[in-house]
Amino acid sequence: MDNKVNQAPREMFFKCAVAPEWNGLMALDMFVSRFTYHSKEEWQEKLLQGDITLDGKQIFPETILYRGNVLIYKVKNYIEPEVPTNFKVVFEDDEFALIEKPAGVPVHHTGKIFYNTFTGIIRRAFNSDEMMPLHRLDRDTGGLMLFAKTRDTAKRFQRHLDIILLKKFYLAVVPGIFPEQEYCQIPLSEKTDSPIRSQMFPDQNGKVCATNFRRISLLNENIGQLSKPFSLVEAELETGRKHQIRAHLAALGFPILGDRIYSHSGVYYLKMTQGPLSEDDYAILGAKNQLLYAYRVLIKLPYWSEAREFSVPCPESWPRFPEYSV
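Owing to the predicted nature of the structure, the values given are computational and were not obtained by experimental measurement.

**Student:** I keep staring at the packing of helix α1 (residues 27-34) against helix α2 (residues 40-48) and nothing clicks. Help me out?
**Tutor:** A pair of packed helices is captured by two measures, namely the crossing angle of their axes and the spacing between those axes. Contact geometry of α1 with α2 gives a least axis separation of 9 Å together with a crossing angle of 135°. One element, α1, and the other, α2, form an angle in the oblique class. The two elements α1 and α2 cross, and the hand of that crossing is right-handed. Mapping the contact onto sequence places Ala27, Leu28, Phe31 and Val32 in α1 and Lys40, Trp43, Gln44 and Leu47 in α2.

Dropping the structure here:
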């Protein structure tokens, strides 16, 4: 694909309708509370210089918002962080596409990435705004994702994905010698007082989670500055909770290499919120992206008589494990 297709435009327009919970708020108060990627002073400046309109007219910090009003925010000299935009179509028919996502690109927009989300990249590549991911992967997780090619297909299957996406398998690289087999049923939940809001913690009152782990191979060599040995582990999801594999492996004492949240007590995730990590930081983590990959799926589409398995190899940038092949 021509990379020019994925060069973010220099001007971007973001549109949203005033939600019920914003009704009666002053514009400045709403932007400060809802869109935290700018400070109060920055939002005030943008309102005063006319970068934001309400129903087509300029508004000011003290303008009162009412439900249903349409806000448009014009961003000048728009710049996004670079992300990988390559992908591979593994399977495609009239209704579905199974696509291999690279690690390092978010599926949906974040506070800093709106244009080059993986969904946006795929929609531009297929020249279709109807392309819809039926599930998601973390930004730093690569691998197989199933897309619906039409809104009708997405509507029919997104809430009942388990009837077509029968099984999902991941590969992970962890330090140490992982058990040959491990069935993990540790419940997980978030903690409101955690400095990392997205982190999941073991909690006997949390959501039921179940993961089947199997050690595939051992590597008796150092990885960069990290001392041997290492294990290549396959994870089969029985439930699909947020960060399930990452949190389960960390709880078992085997955090994934490169995982900024679940290794080293989250120090490098918190450091990253203040600025870019250094090469020394990545050397300690073991990788620039977490070594977790959705490498195999079992799918049975409604018009197939039998389920089919699809798989992809782990990326070339990963350590090479002996006696491993997809």
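**Student:** I keep staring at the sheet that holds strand β4 (residues 70-75) and nothing clicks. Help me out?
**Tutor:** Taken together, four strands build an open sheet; the order of strands is β1-β4-β2-β3 and the sheet is antiparallel. Each edge of the open sheet carries a strand with a single partner, namely β1 (12-17) and β3 (57-58). Bridge analysis of strand β2 (residues 52-54) against β4 gives three bridges, and the strand direction is antiparallel. Across the sheet, the residue bridging to Leu54 is Leu71, located in β4. Strand contacts of α2: β2, β3 and β4, with the helix running at about 65° to β2, the strand carrying the most contacts.

**Student:** Looking at this structure, how should I read the environment of Ile245?
**Tutor:** With respect to the helices and strands, Ile245 occurs in helix α5 (residues 244-251). Each C-alpha atom, one on Ile245 and one on Trp22, is 37 Å from the other, the two residues being 223 residues apart in sequence. Not counting residues within four places of it along the chain, the set of residues in contact with Ile245 comprises Tyr170, Thr211, Phe213, Ala235, Leu237, Ile256 and Leu292.

**Student:** Just to check I follow, could you spell out the state of the cysteines for this structure?
**Tutor:** Chemically, a disulfide is nothing more than a covalent bond linking the sulfur atoms of two cysteines. Counted by the stated rule, this structure contains zero disulfides. Free cysteine Cys184: the closest other cysteine sulfur is in Cys209, separated by 8.4 Å. The buried category is assigned to Cys184, whose relative accessible area is 2%.

**Student:** When you look at the packing of aromatic side chains in this model, what are you seeing that I'm missing?
**Tutor:** We describe a pair of aromatic rings using the distance from one ring centre to the other and the angle between the two ring planes. Within this structure, the stated rule accounts for 16 aromatic pairs. A centroid spacing of 5.5 Å and a plane angle of 45° characterise the contact between Phe91 and Phe310, whose relative ring orientation is tilted. Here Phe91, found in strand β5 (residues 88-92), pairs with Phe310, found in strand β16 (residues 308-311); they are 219 residues apart in sequence, far enough to count as distant. Each residue in the set Phe14, Trp22, Phe31, Phe35, Trp43, Tyr73 and Phe114 is aromatic and connected to the rest through ring pairs, giving one cluster. The ring of Phe201 has Lys191 lying over it, and the distance from NZ or CZ to the ring centre is 4.6 Å. One Lys or Arg, Arg308, reaches over the ring of Trp304 and ends 3.8 Å from the middle of that ring.

**Student:** I tried to follow unusual backbone geometry on my own but got confused; where do I start?
**Tutor:** The bulk of non-glycine residues show a negative phi, and the bulk of peptide bonds are trans. Cis rather than trans, the peptide bond between Lys228 and Pro229 has omega equal to 0°. The residue Pro229 is located in the loop between β13 (211-219) and β14 (230-237) in this model. Even without glycine at this site, Asp55 takes up a positive phi of about 50°. Taking relative accessible area as the criterion, Asp55 reaches 45% and is therefore assigned partly exposed.

**Student:** Can you walk me through the environment of Lys288 in this structure?
**Tutor:** Tracing the backbone through its elements, the reader meets Lys288 in the loop between α7 (279-285) and β15 (292-299). Residues Lys288 and Phe31, spaced 257 residues apart in sequence, show a C-alpha to C-alpha distance of 33 Å.

**Student:** Help me out: how do you make sense of the pattern of salt bridges in this one?
**Tutor:** Once their charged atoms are close, side chains differing in charge can pair, the charge on each being opposite to the other. One pass over the structure, following the stated rule, counts 14 salt bridges. Salt-bridge contacts for Arg215 lead to Glu180; the nearest nitrogen and oxygen are separated by 3.8 Å. Here Arg215, found in strand β13, pairs with Glu180, found in the loop between β9 (165-175) and β10 (181-184); they are 35 residues apart in sequence, far enough to count as distant. Between Lys288 and Glu279 there is a salt bridge, and its shortest N-O distance comes to 3.0 Å. Overall, the relative accessible area of 46% leaves Lys288 in the partly exposed class. Judged by its relative accessible area of 53%, Glu279 falls in the exposed class. What you see here is one network of salt bridges that share partners, running through Arg214, Glu234, Arg296 and Glu309.

**Student:** I tried to follow the side chain of Glu95 on my own but got confused; where do I start?
**Tutor:** Mapped onto the elements of the fold, Glu95 is located in the loop between β5 and β6 (96-101). Excluding residues within four positions of it along the chain, Glu95 makes contact with Phe147, Ala148, Lys149, Thr153, Arg156 and Tyr303.

**Student:** I would appreciate a short explanation of a nonpolar patch on the surface in the present structure.
**Tutor:** Among the surface-exposed residues, Met26, Ile64 and Tyr66 lie close enough to one another that they form a single nonpolar patch of about 270 Å² accessible area. Counting through the fold element by element, Tyr66 comes out in the loop between β3 and β4. Its relative accessible area of 48% is what places Tyr66 among the partly exposed residues.

Parameters at a glance
- Residues numbered from 1 in each chain as written.
- Predicted model: local features only at pLDDT ≥ 70, side-chain atom pairs only at ≥ 80, totals over all residues.
- Heavy atoms only, no water.
- Axes fitted to C-alpha atoms, helices over the stretch in contact; angles between N-to-C directions.
- Helix = DSSP H or I, 4+ residues; strand = E, 2+ residues; numbered from the N terminus.
- Parallel < 35°, antiparallel > 145°, perpendicular 65-115°, else oblique.
- Left-handed = near helix turned anticlockwise from the far one by under 90°.
- Contact = heavy atoms within 4.5 Å.
- Pairing = 2+ DSSP bridges.
- Disulfide = S-S within 2.5 Å.
- Buried < 20%, exposed > 50% of the residue type's maximum accessible area, 1.4 Å probe, protein only.
- Phe/Tyr/Trp six-rings, centres within 6.5 Å; stacked < 30°, edge-to-face > 60°.
- Lys NZ or Arg CZ within 6 Å of the ring centre and 35° of its normal.
- Salt bridge = Lys/Arg side-chain N within 4 Å of Asp/Glu carboxyl O.
- Patch = residues over 30% accessible without salt bridge, like charges linked within 9 Å, V, L, I, M, F, W, Y side chains within 5 Å.
- Areas by Shrake-Rupley, 256 points an atom, 1.4 Å probe, with all protein chains shown as cover.

Worth remembering: the numbers are spatial, not functional.
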